[in-house]
Amino acid sequence: MDPAPQNPTQPATQPASGRPGKIPERRPELGGNQAFRLAHRISDGFNSFRIRLARRWDFVPRTIAYQGYGSTSRVRVLGRVLMTQKPLPGSKAEQEAKNATQNVRGWRAFTGVPLQFADVEITIGDVVTRVQADRGGLVDTEVDVQLSPGWHTATLQAEGTEPAEALIHVIAPDVKFGIVSDIDDTVMVTALPRPFLALWNTFVLSERARMATPGMAVLLDRLTIEHPDAPVIYLSTGPWNAAPTLARFLGRNMYPSGPLLLTDWGLTQDRWFRSGQDHKHRNLERLSKEFPDMRWLLIGDNGQHDEAIYSGFASENPDKVAAIAIRQLSVSESVFAGGHSEDGDHTASKVPWIYSPDGAGMAKQLGMLDLL
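Remember, it's a predicted structure, so these values are computed and weren't measured experimentally.

Criteria and thresholds
Residues numbered from 1 in each chain as written. Predicted model: local features only at pLDDT ≥ 70, side-chain atom pairs only at ≥ 80, totals over all residues. Heavy atoms only, no water. Buried < 20%, exposed > 50% of the residue type's maximum accessible area, 1.4 Å probe, protein only. Helix = DSSP H or I, 4+ residues; strand = E, 2+ residues; numbered from the N terminus. Pairing = 2+ DSSP bridges. Axes fitted to C-alpha atoms, helices over the stretch in contact; angles between N-to-C directions. Parallel < 35°, antiparallel > 145°, perpendicular 65-115°, else oblique. Left-handed = near helix turned anticlockwise from the far one by under 90°. Contact = heavy atoms within 4.5 Å. Core = buried A, V, L, I, M, F, W, Y, C linked by side-chain atoms within 4.5 Å. Phe/Tyr/Trp six-rings, centres within 6.5 Å; stacked < 30°, edge-to-face > 60°. Polar contact = N/O pair within 3.5 Å; in protein donor to acceptor, adjacent residues only side chain to side chain.

Observations regarding the pairing of strand E2 (residues 59–70)
Part 1 of the reasoning: Most of E2 sits out of view: nine of its twelve residues are buried.
Part 2 of the reasoning: Adjacent in sequence and paired antiparallel, E2 and strand E3 (residues 74–85) are bridged by three residues.
Part 3 of the reasoning: In the sheet, E2 pairs with strand E9 (residues 164–170) via three bridges, with the strands oriented parallel. Residue pairing for E9: Gly 70 is matched across the bridge by Val 170.

In structure tokens form, the structure reads like this:
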């Protein structure tokens, strides 16, 4: 869903109310013309039908908490409320879910049904806040809370669900270096620009069959050793449905822990289709405002729009970009990708650019820039 806060935080002294699966009456105002509003009504009606069907199939409401981040005075909390199928008690599926060892086909990540506009209670220490999930069941909000630097826990709970806990990385005010990395074709080989193969990778392929990009896990691990307090943020145009799969992939392949900033497909409050480029650009701008003294290493690939997005951000904020590292796709990976540059001309840029097909090549060049 859209990464900007969807719901102003409100203090809560009572548990979140409202029957899970029932769409409350208070909905955000819709923009657009009559056809656009009709499309939203049809979408809401279809989602309500899916909820009724899910109940018939014994799906249960579930709150999912995603890793967040923030400063010592304000943190960003992410989560989602869905109807999902609960594994049978004592089954192999339940054990795998508890141990995070699932080997899941991609399409299963899209079987959950979002509970629109559900009330969610967020607890961080002694601070309790109530927010409302958006149209896709997503919670993406900020909470004002005084926390020490390091790792903390946020608990999210919607009515009728078990509480879900997520880690929150609180970044110290004196940290001046951070890492933003794309996922698809940057840390994970997905060949996303190729439509049919992308559909196969997303919906059919077992998640354990996905491959890590050579050398990238080692590169990010070395960067976090060199800069132990640096936040690592994974910024992708992938859907929120894939967040658990991506988190398991990153953990399995020894990538540093970090929040996922994803988006979703479909209608927004004011437009027909979500823009992946806009999603990335707005999150970069947001990070620059949340951490005004931070200089970011931006890591992406040349298969889609990372070069243009990072170039635009760097030209507007040269003092906030330490370097831009672009993974070069192979000839086979770049087929149908719309073409890609080998080593784009950035001689006029105030920010250093590096190009390499793998993490080892990036590491060598980052060493020459004294970043590694």
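A few points about the packing of helix H4 (residues 216–226) against helix H8 (residues 359–368)
Part 1 of the reasoning: Across the interface, H4 lies against H8 with an axial gap of 7 Å and an inter-helix angle of 30 degrees. Between H4 and H8, the angle falls in the class roughly parallel. The two elements H4 and H8 cross, and the hand of that crossing is right-handed. Contacts between H4 and H8 involve Met 216, Leu 219, Arg 222 and Leu 223 from the former and Gly 359, Met 362, Ala 363 and Leu 366 from the latter.

Structural notes on helix H5 (residues 243–252)
Part 1 of the reasoning: Among the residues of H5, those classed as buried are Ala 243, Thr 245, Leu 246, Arg 248, Phe 249 and Leu 250.
Part 2 of the reasoning: Against the buried residues of H5 lie E2, strand E11 (188–189), strand E12 (211–212), strand E13 (232–239) and strand E14 (260–263).
Part 3 of the reasoning: Just downstream of H5, Met 254 is the residue with a positive phi angle, here 65 degrees.

Digging into the nonpolar core
Part 1 of the reasoning: If you look at the biggest cluster of nonpolar residues, it comprises 62 residues, and the most contacted ones within it are Tyr 255, Leu 298 and Ile 324.
Part 2 of the reasoning: By residue number, the principal contributor to this core is strand E16 (residues 321–327), which donates six residues.
Part 3 of the reasoning: What Ile 324 contacts, discounting residues up to four positions off in sequence, is Leu 298, Tyr 310, Ser 311, Ala 314, Val 351, Pro 352, Trp 353 and Ile 354.
Part 4 of the reasoning: The next biggest cluster of nonpolar side chains, apart from the first, holds 25 residues, and it includes Val 81, Ile 122, Leu 147 and Val 170.

Structural notes on the packing of aromatic side chains
Part 1 of the reasoning: Per the stated rule, a full pass over the model turns up five aromatic pairs.
Part 2 of the reasoning: A centroid spacing of 6.3 Å and a plane angle of 65 degrees characterise the contact between Phe 291 and Trp 296, whose relative ring orientation is edge-to-face. Per residue, the accessibility class of Phe 291 equals that of Trp 296, and both read buried.
Part 3 of the reasoning: Measuring from ring centre to ring centre gives 6.3 Å for Trp 353 and Tyr 355, while their planes differ by 15 degrees; the resulting arrangement is stacked.
Part 4 of the reasoning: Ring-pair connections join several aromatic residues into one group, and the members of that group are Tyr 69, Phe 291 and Trp 296.

Some thoughts on the sheet that holds E14
Part 1 of the reasoning: Strand order across the open sheet formed by six strands is E14-E13-E10-E15-E16-E17, with parallel pairing between neighbours. Two strands lie at the open edges of the sheet, namely E14 and strand E17 (353–356), each paired on one side alone. Neighbour to neighbour, the strand axes of the sheet diverge by 20 degrees on average, direction disregarded.
Part 2 of the reasoning: For strand E15 (residues 295–301) and E16, the ladder comprises six bridges, and the chain directions are parallel. Residue pairing in the sheet places Trp 296 in a bridge with Val 321 of E16.

Focus on the pairing of E13
Part 1 of the reasoning: Taking burial as the measure, the eight residues of E13 include seven buried ones, the bulk of the element.
Part 2 of the reasoning: Note that strand E10 (residues 177–181) and E13 share three bridges and pair parallel. Across the sheet, residue Ile 179 finds its bridge partner in E13, namely Val 232.
Part 3 of the reasoning: As paired elements, E13 and E14 share three bridges and run parallel to each other. Across the sheet, Tyr 234 pairs through a bridge with Leu 260, a residue of E14.

A look at the side chain of Thr 63
Part 1 of the reasoning: Inspection of the secondary structure assignment puts Thr 63 in strand E2.
Part 2 of the reasoning: Among the polar contacts listed, one links the side chain of Thr 63 to the backbone nitrogen of Ala 158, at a separation of 3.1 Å.
Part 3 of the reasoning: At a separation of 2.8 Å, a polar atom in the side chain of Thr 63 contacts the side chain of Thr 161.
Part 4 of the reasoning: In this structure Thr 63 touches Arg 80, Val 81, Leu 156, Gln 157, Ala 158, Thr 161, Glu 162 and Ala 164, once residues within four positions along its chain are discounted.

Thoughts on the environment of Glu 226
Part 1 of the reasoning: Mapping Glu 226 onto the fold places it in helix H4.
Part 2 of the reasoning: Assessed through its relative accessible area of 47%, Glu 226 is described here as partly exposed.
Part 3 of the reasoning: Sequence separation between Glu 226 and Leu 372 is 146 residues; the distance between their C-alpha atoms is 6.5 Å.

Notes on the environment of Ser 257
Part 1 of the reasoning: Looking at where Ser 257 falls in the secondary structure, it is placed in the loop between H5 and E14.
Part 2 of the reasoning: Along the primary structure Ser 257 and Asp 221 are separated by 36 residues, whereas in three dimensions their C-alpha atoms are 9.8 Å apart.
Part 3 of the reasoning: Apart from the residues within four sequence positions on either side, Ser 257 is in contact with Gln 67, Trp 151 and Val 232.
Part 4 of the reasoning: Within the structure, Ser 257 has its side chain in polar contact with the side chain of Gln 67 (distance 2.9 Å).

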